[in-house]
Amino acid sequence: MSRTRRTDEGHGRLGSVLSGIAVALGCVLFLGGFVWGAVLYQPYAVPTGSMAPTIDAGDRVLAQRIGGDEVRRGDVVVFEQSTWGDLPMVKRVVGVGGDKIACCQDGKLTVNGKAVAEPYLPEGKDAAVTGIPATTVPKGRLFLLGDERSGSLDSSTHLGDADQGTVPRDAVRARVDAVAWPMGKFGMVERPEGFADMPGGLSEPGPLRLVVSAIVAGMVLVLGGAAYGPVAKRLGRGRGRSRTGEAVGVG
């Protein structure tokens, strides 16, 4: 056996070991990412356009399971409130316990007397259609509005209720982190800076980017490791034919 042949075989064994490690690691990342995502996130289908243009009717979103005490102003949340309907709903939190909500001042929503920039609203639309009288949010409750204010059955349409259109924090089931479908619209739901300077600030994004990165990296490693064997075998055959041709030519 030639020294070159022994060297090639050594490289082949090393390559096989490395490809096996890549496949194993890829499986861990791929499956681990899916399990991690399934534990933390819940998919929801949004049936109406009350959150347009952030979330359109028919979009599917990924929402991180959280407790109501983790909710901050500006969050888009999934909640259940029996007096509003039988199904989970998706709205944006604009006020928390103790806040005074009103609209409109120069077409803008005010929280505790401060006008809030709301870049997520449909272009050219005011923060409310008919106005919102000054309302103080009771402790432990949330004031929620849809981004499409003209067609949203939200806190502004429930002001006559006993709790002034608010819902309890423990009604929140999850916080929307991203639009997952349709694929062309896939993207994170950004935290609006208009609420950043208020007490409590903005909520921190969930680990969805890390989950997706783990899944993608795992898939790349599995495919790359699995492809090594056929590719190395084909290349080895090509080198073998080349050496055979050189030996015949010399003779």
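(A) Region of the structure containing the sheet that holds strand β7 (residues 114-115). Strands sit in the order β7-β6-β5-β8 across an open sheet of 4 strands; the sheet is antiparallel. Where the open sheet ends on each side, the last strands, each with one partner, are β7 and β8 (132-136). Strand direction decides the pairing type here: strand β5 (residues 100-105) and β8, joined by 3 bridges, are antiparallel. Bridged to Cys103 within β8 is Ile132.

(B) Region of interest: the side chain of Glu118. You can see Glu118 is positioned in the loop between β7 and β8. A polar contact of 2.6 Å, which involves the side chain of Glu118, links it to the side chain of Tyr120.

(C) Highlighting the pattern of salt bridges. If you walk through the whole model with that rule in mind, you get 9 salt bridges. In this structure, the salt-bridge partner of Arg175 is Asp75, at a minimum N-O distance of 3.5 Å. You can see Arg175 sitting in strand β11 (residues 172-181) and its partner Asp75 sitting in the loop between β2 (60-65) and β3 (76-79), a full 100 residues away along the chain. Given a relative accessible area of 4%, Arg175 falls into the buried group. By relative accessible area, Asp75 is classed as buried at 2%.

(D) Local environment of the pairing of strand β9 (residues 141-145). Among the 5 residues in β9, 5 count as buried, and that is most of the element. The alternating pattern of β9 places Arg141, Phe143 and Leu145 on one face and Leu142 and Leu144 on the opposite face, and all of these are buried. Two elements, strand β4 (residues 89-96) and β9, share 4 bridges in a ladder whose sense is antiparallel. Bridged to Arg92 within β9 is Leu145. One ladder, built from 2 bridges, connects β9 with strand β10 (residues 167-168); its direction is antiparallel. Bridging across to β10, Arg141 finds its partner in Pro168.

About the criteria used
- Residues numbered from 1 in each chain as written.
- Predicted model: local features only at pLDDT ≥ 70, side-chain atom pairs only at ≥ 80, totals over all residues.
- Heavy atoms only, no water.
- Pairing = 2+ DSSP bridges.
- Helix = DSSP H or I, 4+ residues; strand = E, 2+ residues; numbered from the N terminus.
- Polar contact = N/O pair within 3.5 Å; in protein donor to acceptor, adjacent residues only side chain to side chain.
- Salt bridge = Lys/Arg side-chain N within 4 Å of Asp/Glu carboxyl O.
- Buried < 20%, exposed > 50% of the residue type's maximum accessible area, 1.4 Å probe, protein only.

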